[in-house]
Amino acid sequence: MNLVNLKDKQQQVSFTEAVKTGLGRNQGVFFPTDLRKLSDVDALLDLPFVERSTEILAHLIGNELPKDTLADMVQRAFNFPVKLEKVDDKNYCLELFHGPTLAFKDFGGRFMAECVGLFNQGERVTILTATSGDTGAAVAHAFYKKANVDVVILYPEGKISLAQQKLFTTLGENIHCYAVDGSFDDCQALVKQAFLDEELKSKLGLNSANSINISRLVAQVCYYFEALAQLPKSERDNVHVSVPSGNFGNVCAAMIGSVIGLPIAKLSATTNQNDTVPRFVHSGDWAPKATMESLSNAMDVSKPNNWPRVQSMLGSEQFSKHDFYSRSVSEQVTEKVMREIAHTGYIAEPHTAIAFEGLRHDKGENSIGIFLATAHPAKFKESVENVLGQEIAMPRVLQDALDKSCLAQPLGADYQQLKAAMFEKLL
Ligand SMILES: *Cc1c(COP(=O)(O)O)cnc(C)c1O
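Residues numbered from 1 in each chain as written. Predicted model: local features only at pLDDT ≥ 70, side-chain atom pairs only at ≥ 80, totals over all residues. Heavy atoms only, no water.

## As for the pattern of salt bridges
Between side chains of opposite charge, a pair can form when the charged atoms approach closely. Considering all chains together, one arrives at 22 salt bridges under this definition. Between D150 and R124 there is a salt bridge, with the nearest N and O atoms lying 3.2 Å from each other. Taken together, the positions of D150 in strand β7 (residues 149-156) and R124 in the loop between α5 (105-119) and β6 (125-130) put the pair 26 residues apart, joining distant regions of the chain. For D150, a relative accessible area of 15% corresponds to the buried category. With a shortest N-O distance of 3.0 Å, E199 and K203 are connected by a salt bridge. Of this pair, E199 and K203 both sit in helix α9 (residues 198-204), four residues apart, which is roughly one turn of the helix. Here K203 falls in the partly exposed class, since its relative accessible area comes to 44%. Residues participating in the shared-partner salt-bridge network are D197, E199, K203 and K419. (Salt bridge = Lys/Arg side-chain N within 4 Å of Asp/Glu carboxyl O. Helix = DSSP H or I, 4+ residues; strand = E, 2+ residues; numbered from the N terminus. Buried < 20%, exposed > 50% of the residue type's maximum accessible area, 1.4 Å probe, protein only.)

Structure representation (structure tokens):
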């Protein structure tokens, strides 16, 4: 796999290098230069999930990884199911929260851990990541107690749910957490700054586990194929997928899937009130505002890191602009939609409700709709119970985490503080 830095076309790297470095020069993200079509998508859709995912990843990554090694990695990473639930005549919900930390981030986090384990054999590596809620847990669990790996997680203090937070801040061992006095965008800016710091980078063997890491993105392509594989064959021709979007990694993966041949006819990237992309799509002006706190906190992002990747596919007509929709859903409407879905007997947490709302607005009458359930409702217990006025059951992993104490340390939104803290802890 050959990738180019979207901010500096001179910098071209292999998959291995892109995984190890995360971010390119001038903070540019890497993107594959050559997304070839798969030869027989129908045949692929007939395969079981793990086997098919190995084929897709082998196609994307190419011969840098031996096929049997890749097959073992995929088998270990994707050891939990994807479920497509029929909601009504024309709509399905793609449940991506059946992994160990109950959000779709487990797919990317676990496959990335496999890649880092393979590429950094023996060498010391520090994974530095910012989380808007669910990445932290997925990455922490994926790397927990792995030899030669330290994980540093930055999260916006008080801006993520207690369940989200406790899933990673209670682990200890090689998982080091900082509660940053600021927003997710501040955390993300600190991570970007760390990657410009050659001293820190070389002394700690820095790597990033954000969705800027290409290994996470390619892993996520696989469950879109699984979604269509679970659809009846007669319904695969006119599919509209709605993705609740924050950092725009997930919708980027859907688009890559389409570019390599998965028949996704239309895509909606639906945001909460942090609406930089919907405003950009309609006006052409990139004008991020201050990040606002929302019920769907994992999407409280106003400077989405993955947008340049999506834009590169739209700009090159690899995916038609006319088939891409992006709208913003207010807090009030999010609550209303959660209640409406509950009336049909399905409990959706806020991110899922936003995906459903986007689909309902954007989808044509004859399309088959798929909206993504990106997290288990219990991860947002407080807000789901408040909005729906009914109690929801706690899965065991969450209850266990909630019973433990938080080991995170406070940190100002200041790079020198972060650097000092990391050197003190890790050198
Ligand atoms: C991370 C996350 C999102 C947003 O995904 P992006 O890839 O950042 O757009 C949506 N829902 C949940 C539950 C998340 O954890």
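## Focus: the UniProt feature "domain: Threonine synthase N-terminal" (unreviewed entry) in the chain
As annotated in UniProt, the feature "domain: Threonine synthase N-terminal" (unreviewed entry) corresponds to residues 7-78 in the numbering used here. The distance separating the terminal C-alpha atoms of residues 7-78 is 32 Å; by composition the span is 50% helix and 14% strand. (UniProt positions renumbered as here; feature names shortened; annotations may be inferred.)

## Digging into the site of the ligand
Every one of the 15 residues lining the ligand counts as a neighbour, but K105, D134, G246, N247 and T374 are closest to it. F248 has a polar backbone atom sitting 2.8 Å from an oxygen atom of the ligand. Contact distances for the ligand include 2.8 Å between a nitrogen atom and a side-chain N or O atom of T374. Protein contact buries 98% of the 380 Å² of open area that the ligand shows by itself. Here the residues of the shell around the ligand are counted per class, giving six nonpolar, seven polar and two charged. (Near = heavy atom within 4 Å. Polar contact = N/O pair within 3.5 Å; in protein donor to acceptor, adjacent residues only side chain to side chain. Areas by Shrake-Rupley, 256 points an atom, 1.4 Å probe, with all protein chains shown as cover. Nonpolar A, V, L, I, M, F, W, Y, C, P; charged D, E, K, R; others polar.)

## Brief notes about the packing of aromatic side chains
Under the counting rule described, the total for this entry stands at 14 aromatic pairs. With a centroid separation of 5.4 Å and 15° between ring planes, the pair formed by F49 and F78 is classed as stacked. Here F49, found in helix α3 (residues 49-61), pairs with F78, found in the loop between α4 (67-77) and β4 (83-88); they are 29 residues apart in sequence, far enough to count as distant. Each member of the pair, F49 as well as F78, is classed as buried. Pairwise contacts between aromatic rings join F49, F78, F80, F107, Y223 and Y224 into one cluster. (Phe/Tyr/Trp six-rings, centres within 6.5 Å; stacked < 30°, edge-to-face > 60°.)

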